[in-house]
Each structure stands twice: as C-alpha cells, then as structure tokens.
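Single-letter residue listing:
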Amino acid sequence: MNNYGVETRRRSRSLLIVEGKHEKDELFWLVFKCFPELNIDIDDVWIYGTNIYKLYEDIVREYGRDWAKDEMDVDLPFVISKKEHPETVYYRNDFTNIILVFDYERHDPAFSEEKILEMQRCFEDSTDMGKLYLNYPMIESYLHLKSIPDEEYINRKIPVSLQPGDKYKGMVKSESVIEKLVGLPHRIDDLLAGERYQVNDDEKRRECCDAILKLTENELEKNLEEILHIVRDEKKEKTLKYQLKDWILKLGYTHGNMTYWEYMRKIFLEVVYHNICKADRIQNEDTGENDLRKQFERIDLSEILDIQNKVSRDAEKGFIWILSTCVLLIPDYNFKLINYE
C-alpha cells in the first residue's frame, strides 16, 4: 500500500480505495486523464491490496461483529490507514468523498452473501461513510465489449463454474476490442524503458508518452520523430518511429483526427452507456425505457447485488451477469459528463 503521509491535509479531496494495482495504475489513471473534471489526484487512490471480505473483517476488528446491524458510523480512512501506516492516520473528515471499488469474487473461500450485502447497503453515499462499487465478476468486466457498440453486452454472463479468476481474465483478453487501446500508454512506456531504447528518466519518459498520445493523424508524421529525439540515437529513433506509428495506425484511434485521450474519452462513454443499460436490464428486466438518465437514476446497487447473489447460488447451473459498476462513478459525479448520443 502507498504511503499516505502528506504535510498538509486538504479537505477538498476524494479518496478512492481500490483492490489492486490494475485498478489504480491502469483503469483509474486512464479515467482521470480522460475526465479531468473528476478532480481526483492519483495519489489519493489507495491500494488496499486484498479483497472486500478482508476489509469486512478489518471493520469488525475495529467496530465489532454487529457494526452493520447497529448502524455504526464507520471511518474507513481511519480503519485502513491505522492498519497499514499507523504513523500517518487519516480520518473521514480529511475527505469530501470516499469511493470503494472491489470485485464480487463469489469463488473466494471467504465469500458471504450476508457480509457483502451489508457492505453494499452500508456504503452507499460517497459524501458520508463511502460508496461501494462492485464489479461482476471482477474489475476486468469494464473491458468486456466485443464490438462498439456491442448489442450482446446487455445479455452477457458467465457461468459460476468459470473459476479461478484468471480464466475470466483470459476470456476478456481474447474477446475485448478495447483491451489493447487501454494498454497502449503502458505499452509505449515499457518500450521506451526497455533494453533497446533505455529511456531511464521516468519524468522524461512520461512526458514523451503524453506527447505521443496527444498527436492527431495529421500531426503523427510531422511531430513523432521530433518527440523521439529523447532516445538520442538517430537510427534507433527511426526504428522506434515506424514501430509506434504502426501500433497507432492499427489501433485506428487517429482516423477521426483525434488524440488518444479524446478517443478514449469516447470509449469510456460507450463503456458507461453499456453498463447503465446493463444495470437497468438486471434490475428491471426489459421495461422498454430508453431514457438513459432515468435508467441511471433508478439503479439500486444493493438490489443488483441481491439479484447477482440469487442467480449465482447454484455452483453448476448458476451464472453471473457481467457488469462494471465502478465506471458509474463518472455519471455519479456529474451526469452531464457522459452526454451520450
């Protein structure tokens, strides 16, 4: 877990507690770049390092077994920072919003329908104790679009018997049309840092990556070579230029003369749209409603969890609806951000 110590406490902070490195370093890093309006500092994303059932037990140790029944006022920043970095303890009052992102993980030996429902029902307000977003079956569900748009996503599910989680990750990697797009910044960074190009200065490498991803198709040929002078080897720069240009053109995001960030914002709008419709489908079945705002406003994450628990109880015949709720933090912050057409 990160060191949370800072010299000055800023009250206007949003705390995001996530399960692992993928959530912080890939998904939310990219979301914050594409939606700067969210105004969440990546340093205020804490990696919890284990799952929601462990967090439940940490709360029990602090507040007792009946914390949920007794409607106790849980201070999550205190619980987590006290455990991981007792020299720098934080409190709920240090943050204006607290957001939790965890996986459903029915296959976990510690899985409990009762406990996870308690967590979902207690943590429903980001401005109070915090808001919990569960991903079904796990975080990679936000990638599980096979096309854009994906008309089949609304009915997509996996059998409960698809275990362990690595099998689902493998399925997503083979089926997703956005997985390579999401991974592009890290792929470029790894290439620059690798043995062949050896750009070892982290800050210069980040600046180089960002400059590359800001290029439109019209600028690609003219400006890419100049950006790559960071390599300081003319022959290697030319090789790198053609390799990166090949990657970018194959991904196709520059065809509309957009930058990577502009294109990925549109991709996330699609992901949000598909998951609002999917959440409404799970909760309300087919009502014929096509007003996205109305669909969004009636989403009840506790009701969705209750349904997921019911349909996944049978170990052989049960299933889990594929759903990413964590992307809903974008319209939760401001519905106008998604302006989906």
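Residues numbered from 1 in each chain as written. Predicted model: local features only at pLDDT ≥ 70, side-chain atom pairs only at ≥ 80, totals over all residues. Heavy atoms only, no water.

Per an unreviewed UniProt entry, the chain is named DUF4435 domain-containing protein, and its organism is Lachnospira intestinalis.

S.K.: I would appreciate a short explanation of a negative patch on the surface in the present structure.
M.R.: Residues E124, D125, D300 and E303 make up a contiguous surface patch of negative charge. Residue placement: E124 occurs in strand 4 (residues 124-125). (Patch = residues over 30% accessible without salt bridge, like charges linked within 9 Å, V, L, I, M, F, W, Y side chains within 5 Å. Areas by Shrake-Rupley, 256 points an atom, 1.4 Å probe, with all protein chains shown as cover. Salt bridge = Lys/Arg side-chain N within 4 Å of Asp/Glu carboxyl O. Lys, Arg positive; Asp, Glu negative; His and termini not counted. Charge placed at Lys NZ, Arg CZ, Asp CG, Glu CD. Helix = DSSP H or I, 4+ residues; strand = E, 2+ residues; numbered from the N terminus.)

S.K.: Looking at this structure, how should I read unusual backbone geometry?
M.R.: In this chain, Y136 is followed by P137 through a cis amide linkage whose omega measures -10°. Structurally, P137 is set in the loop between strand 5 (130-136) and strand 6 (157-159). That bond from I148 to P149 is cis: its omega, -10°, falls within 30 degrees of zero. Looking at the secondary structure, you find P149 in the loop between strand 5 and strand 6.

S.K.: Honestly, the packing of helix 6 (residues 179-193) against helix 9 (residues 234-251) in this entry has me stumped. Any pointers?
M.R.: Helix packing geometry: the angle between the two helix axes and the distance between the axes. Here helix 6 crosses helix 9 at 175°, and the two axes come no closer than 11 Å. Considered as vectors, helix 6 and helix 9 are oriented roughly antiparallel to each other. Of the residues in helix 9, those touching helix 6 at K180, L181, L184, R187, I188, L191 and L192 are L240, Q243, L244, W247 and L251. Taken together, the residues that form the contact of helix 6 with helix 9 break down as nine nonpolar, one polar and two charged. (Axes fitted to C-alpha atoms, helices over the stretch in contact; angles between N-to-C directions. Parallel < 35°, antiparallel > 145°, perpendicular 65-115°, else oblique. Contact = heavy atoms within 4.5 Å. Nonpolar A, V, L, I, M, F, W, Y, C, P; charged D, E, K, R; others polar.)

S.K.: Can you walk me through the pairing of strand 1 (residues 14-18) in this structure?
M.R.: Remember that side chains alternate between the two faces of the sheet whenever the strand is regular. Here strand 1 lies mainly inside the structure; five of its five residues are buried. Of the two faces of strand 1, both are covered, the one formed by S14, L16 and V18 as well as the one formed by L15 and I17. Across five bridges, strand 1 lies against strand 3 (residues 97-103) in parallel orientation. Looking at strand 3, one finds that I17 is bridged to L100. Looking at chain direction, strand 1 and strand 2 (residues 45-47) are connected through three bridges and run parallel. (Buried < 20%, exposed > 50% of the residue type's maximum accessible area, 1.4 Å probe, protein only. Pairing = 2+ DSSP bridges.)

S.K.: Got a minute to help me understand the pairing of strand 5 in this structure?
M.R.: Counting buried positions along strand 5 gives seven out of seven residues, so the element sits mostly inside the fold. Burial along strand 5 is two-sided: the residues G130, L132, L134 and Y136 and K131, Y133 and N135 are all buried. Pairing analysis gives five bridges linking strand 3 to strand 5, with the strands arranged parallel. Across the sheet, V101 pairs through a bridge with Y133, a residue of strand 5. One ladder, built from two bridges, connects strand 4 with strand 5; its direction is antiparallel. Residue pairing for strand 5: E124 is matched across the bridge by K131. Adjacent in sequence and paired antiparallel, strand 4 and strand 5 are bridged by four residues.

S.K.: Please explain the environment of K24 as it appears in this structure.
M.R.: Considering the arrangement of structural elements, one finds K24 in helix 1 (residues 21-34). Taking relative accessible area as the criterion, K24 reaches 8% and is therefore assigned buried. Sequence separation of K24 and N135 is 111 residues, and the distance between their C-alpha atoms is 15 Å. Polar contacts involving the side chain of K24 include one to the main-chain carbonyl oxygen of V45, which spans 3.3 Å. (Polar contact = N/O pair within 3.5 Å; in protein donor to acceptor, adjacent residues only side chain to side chain.)

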